[in-house]
Amino acid sequence: MSVKHGPVKLLSVLETKDGKLKLLVAEGASAPGPVLKIGNTNSRYRFPIGAKSFVNGWNTNGPAHHCAVGVGHIASKIKKTGAC
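Residues numbered from 1 in each chain as written. Predicted model: local features only at pLDDT ≥ 70, side-chain atom pairs only at ≥ 80, totals over all residues. Heavy atoms only, no water.

**What about the pairing of strand β2 (residues 21–31)?**
Pairing of strand β1 (residues 6–15) with β2, which is carried by 10 bridges, proceeds in the antiparallel orientation. In the strand pairing of β2, L11 is matched with V25. A loop of 5 residues connects β1 with β2, the two strands running antiparallel in sequence, and G19 in this loop sits at a positive phi of about 85°. Where β2 lies against strand β3 (residues 44–46), 3 bridges are found, and the strand directions are antiparallel. Looking at the pairing, A29 lines up with R46 of β3. (Pairing = 2+ DSSP bridges. Helix = DSSP H or I, 4+ residues; strand = E, 2+ residues; numbered from the N terminus.)

Have a look at this one:
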């Protein structure tokens with residue numbers, strides 16, 4: 001199983017140092033190409049800032065291992081939801 005090719009967003013819920021919840025969002029694209037055949041959802045993603053910069057920036061925030069991936073770019077809507 002893989003994610004439809006095209007624009008995607010990644011979403012992770014994390015806890016800040018002061019115990020509050022934070023939404024971490026990134027936008028990129030699901031791209032065609034080989035993926036690991038390990039039995040769960042697995043796709044190839046590309047980000048405008050490159051793989052190394054994305055991984056470093058994403059992990060700086062301390063997300064959990066799992067995140068949600070959805071089709072489309074709606075980061076602005078997620079940010080508005082998180083601000084409520």
